[in-house]
Amino acid sequence: MKVAIFGGSFNPIHKGHLEIIDKLAEMFEKVIVIPNYQNPLKTEYVPANIRYEWLKKSITNPKVEVSNYEISQKKVCYTIDTINYFKQFYDKISFVIGADNLATLHKWKDITKLKELVEFVVVTRDNIEIGNYKTIKVNIPISSTKIRDKLDSTYLPDNLKTEILNYYKRKKMEERLKRIVEILDNKKALDIETFNLLEKEYFVDGVVIATTMGQKHGFALLDELKRKLKPQESFLFVDESDDWIVVDLGDILIHLMSEEYRAKYQLEEFLNSYVGANK
């Protein structure tokens, strides 16, 4: 049986990947898609089990198997190790790589042995010199990085558009809230609380509440937020008073409150009850 192995992070799976998989299914008797466990050079990683489930939900072709082999190892897997494993079951294996990998292929672990074990199939879109390798041409100009950065669902699998996009929106909101908390905490704000309201029926997606140690401290916190968050965040409106400063970032509100005002208005209690009512 002629088998093609297509590995990667699939972070997330998109229509470019699916086009490659469909073309491989036309060329080979079987296609094995292998999401990796972790790439040590990348930090913005969706947990392996989630990426694995996205792949399984996206692929319906009976000739294609989604394998959890590398995920089950729970460590970084070298290609040579993965190929040695599958060589137990298949004699003829083709391994799929992107054209951008050709320049560093000589650095791969045991590359001489790897070339003896597999035939490389190169996925190309640009005018990169390929040489004598078998190639697959893809026409969809998209990458997983662009999807994550721009939160664009255009090239996501149709049945997973909402699920994947909401996942990355939640992650980005968590990262932004965490950054705000770090800034406030470093400047000695007290009792900092955050609320991720992205999937709730509220007029903003996130809220941060912190207690100040007086008027001067409140204005110092505001100055620090402006200094550290701009230009990544847009300060659309700031309402300043001695006891309560509200910062409007568009989809996030930051409340810097005196201890007296925070106890009086109990805003976090309202938000906690609101979140509970919308679960």
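Before any of the text, the structure's been laid out above.
Residues numbered from 1 in each chain as written. Predicted model: local features only at pLDDT ≥ 70, side-chain atom pairs only at ≥ 80, totals over all residues. Heavy atoms only, no water.

So, on to the overall build of the protein chain. For the protein chain, the count of helices and strands is ten helices and eleven strands. Its C-alpha radius of gyration of 25 Å places the protein chain more than 25% over the 19 Å reference for a compact globule of 279 residues. Across its three principal directions, the C-alpha atoms of the protein chain cover 75 × 40 × 35 Å. Here the protein chain holds 279 residues, and 44% of them are scored as buried. For the protein chain, contacts bridging at least 24 residues in sequence account for 61% of all contacts bridging at least 6. On the protein chain, the mean spot of the 42 positive side-chain charges and the mean spot of the 42 negative ones are 7 Å from each other. (Helix = DSSP H or I, 4+ residues; strand = E, 2+ residues; numbered from the N terminus. Rg over C-alpha atoms; globule rule 2.2 N^0.38 Å. Buried < 20%, exposed > 50% of the residue type's maximum accessible area, 1.4 Å probe, protein only. Contact = heavy atoms within 4.5 Å. Lys, Arg positive; Asp, Glu negative; His and termini not counted. Charge placed at Lys NZ, Arg CZ, Asp CG, Glu CD.)

Here we have six strands laid out as an open sheet, ordered S3-S2-S1-S4-S5-S6, and parallel in their pairing. Where the open sheet ends on each side, the last strands, each with one partner, are strand S3 (64-66) and strand S6 (134-137). Mean inter-strand twist for the sheet, computed between neighbouring axes without regard to direction, equals 25°. With four bridges connecting them, strand S5 (residues 118-124) and S6 associate as parallel partners. The residue bridging valine 123 from the neighbouring strand is isoleucine 136, located in S6. Strands strand S1 (2-8), strand S2 (30-35), S3, strand S4 (92-98), S5 and S6 of the sheet are contacted by helix H1 (residues 15-27), whose axis makes an angle of about 135° with S6. (Pairing = 2+ DSSP bridges. Axes fitted to C-alpha atoms, helices over the stretch in contact; angles between N-to-C directions.)

This part takes up the sheet that holds strand S8 (residues 206-211). Sheet strands pair via backbone hydrogen bonds, and the direction of the pair is either parallel or antiparallel. Taken together, five strands build an open sheet; the order of strands is S7-S8-S11-S10-S9 and the sheet is mixed. Edge positions in the sheet fall to strand S7 (190-196) and strand S9 (237-239), since each has one partner strand and no second. For this sheet the average axis-to-axis angle between neighbouring strands, irrespective of direction, equals 10°. Sheet analysis places S8 next to strand S11 (residues 252-257), joined by six bridges and oriented parallel. In the strand pairing of S11, isoleucine 209 is matched with histidine 255. Packed on one face of the sheet, helix H7 (residues 161-186) meets S7, S8 and S11 and runs near 170° to S7.

Interpretation note: all reported values are geometric properties and have no functional meaning in isolation.
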